[in-house]
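# Fold and contact review
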Amino acid sequence: MYGRIHSFQSLGTVDGPGVRFVVFLQGCNLRCAYCHNPDTWSLTAGAKFSLQTVLERIRRFKPYFGECGGVTVSGGEPLLQWEFVAELFKNLQEERIHTALDTSGTGNLKGANEVLKYTDLVLCDLKFSTAEEYNCYCRADMNKVLSFIKLTEKMQIPLWVRHVIVSGLNDNPARLQHIVKIANHFSNLQKLELLPFRKICSSKYEDLKIPFAFKDYEEFPDSKIDELYGAISLSPRDV
Ligand code: SF4
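Residues numbered from 1 in each chain as written. Predicted model: local features only at pLDDT ≥ 70, side-chain atom pairs only at ≥ 80, totals over all residues. Heavy atoms only, no water.

Okay, helix α5 (residues 131–138) next. Buried residues of α5: Glu133, Tyr134 and Cys138, and no others. End-on, the buried residues of α5 take up no more than an arc of 105 degrees, which puts them together on one face. In α5, the exposed positions angled more than 90 degrees off the buried face are occupied by Glu132, Asn135 and Cys136. (Buried < 20%, exposed > 50% of the residue type's maximum accessible area, 1.4 Å probe, protein only. Helix = DSSP H or I, 4+ residues; strand = E, 2+ residues; numbered from the N terminus. Arc of directions from axis to C-beta.)

Written as structure tokens, this is what we have:
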């Protein structure tokens, strides 16, 4: 079995708990206006790696995972390659390595169900609070995202919801409360993470000759993220 992979990050610390080996899968079905990985969009770029090769790479870093680290599969959209992710996670769980799925939640539910059987933690984006904004800024169906999150709740898989903040678009605390309300609805929610919009990806868009839809928006300052957590009475760590 093969996966089409964009890249690996061996000692990641921002995509799930502890020190993590992150597998970025190639291919995405969305086109988020603030995406910082447009190089993962193509379904045919990247390189094919066998399951065994990926497992061998991961095993080399097992000593660094400690108590709470492990492996995160991100993208792109990992659920586009759900067969590969399910098999990878199954093998990792057999080796007692923690598995986290970082997804937009828009893949097909049958495939998601297979992956979730072997998933210890889900990191799911809740990009906007209305179906109109989802469609406008991501070309995505919000109902699919909510159905996916409901499935994680049904399967009682710990959930972290992630939400990117863009100045002048969704940094208003009142708007943010809508996201908090939607996320809090799910009993498996462990954490709501606010992530600042960044433009470090601008050169990727230039190299790929793809227009960067949010190129005129300012980067969102880290200090204001803390203010937003305060404004919505939310700790960055827990809900
Ligand atoms: S789902 Fe992720 S990788 Fe895909 S377009 Fe959106 S931000 Fe980019």
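All right, on to the site of the ligand then. The environment of the ligand is made up of Cys28, Leu30, Arg31, Cys32, Cys35, Thr40, Trp41, Gly76, Ser104 and Lys127. Broken down by class, the residue content of the shell around the ligand amounts to 5 nonpolar, 3 polar and 2 charged. (Near = heavy atom within 4 Å. Nonpolar A, V, L, I, M, F, W, Y, C, P; charged D, E, K, R; others polar.)

Attention now goes to the nonpolar core. Among the nonpolar cores identified, the biggest contains 72 residues, and Ile58, Leu88 and Phe148 are the most heavily contacted of them. Here the element with the most residues in this core is helix α3 (residues 82–94); it accounts for 7 residues. Among residues more than four places away in sequence, those in contact with leucine 88 are Leu51, Val54, Leu55, Ile58 and Val73. (Core = buried A, V, L, I, M, F, W, Y, C linked by side-chain atoms within 4.5 Å. Contact = heavy atoms within 4.5 Å.)

Bringing the packing of aromatic side chains into the picture now. Counted according to the given criterion, the structure contains 14 aromatic pairs. Pairing tyrosine 34 with phenylalanine 128 gives two aromatic rings, centres 6.3 Å apart and planes at 35 degrees, and the pair type is tilted. You can see tyrosine 34 sitting in the loop between β2 (20–25) and β3 (47–50) and its partner phenylalanine 128 sitting in the loop between β6 (121–125) and α5, a full 94 residues away along the chain. An identical accessibility class is assigned to tyrosine 34 and phenylalanine 128; each is buried. For the pair tryptophan 41 and tyrosine 205, a centre-to-centre distance of 6.1 Å together with 80 degrees between the ring planes defines the contact as edge-to-face. Of this pair, tryptophan 41 sits in the loop between β2 and β3 while tyrosine 205 is found in helix α8 (residues 202–208), placing the two residues 164 residues apart along the sequence. Assessed through its relative accessible area of 10%, tryptophan 41 is described here as buried. (Phe/Tyr/Trp six-rings, centres within 6.5 Å; stacked < 30°, edge-to-face > 60°.)

Take the environment of aspartate 39 next. Note on placement: aspartate 39 falls in the loop between β2 and β3. Residue aspartate 39 is classed as partly exposed on the basis of its relative accessible area, which comes to 22%. If we ignore the near neighbours within four places in the chain, the residues touching aspartate 39 are His6, Gln26, Lys204 and Leu208. Within the structure, aspartate 39 has its side chain in polar contact with the side chain of histidine 6 (distance 2.8 Å). (Polar contact = N/O pair within 3.5 Å; in protein donor to acceptor, adjacent residues only side chain to side chain.)

Okay, the packing of helix α4 (residues 109–116) against helix α6 (residues 142–154) next. In contact at an axis separation of 11 Å, α4 and α6 are set at 30 degrees when each is read in the N-to-C sense. Classified by the interaxial angle, the pair formed by α4 and α6 is roughly parallel. Between α4 and α6 the crossing geometry is right-handed. Here α4 contributes Leu109, Ala112, Asn113 and Leu116 to the contact with α6, which in turn contributes Ser147, Phe148, Leu151 and Thr152. Considered class by class, the residues forming the contact of α4 with α6 number 5 nonpolar, 3 polar and no charged. (Axes fitted to C-alpha atoms, helices over the stretch in contact; angles between N-to-C directions. Parallel < 35°, antiparallel > 145°, perpendicular 65-115°, else oblique. Left-handed = near helix turned anticlockwise from the far one by under 90°.)

So yeah, pure geometry; function would need other evidence.
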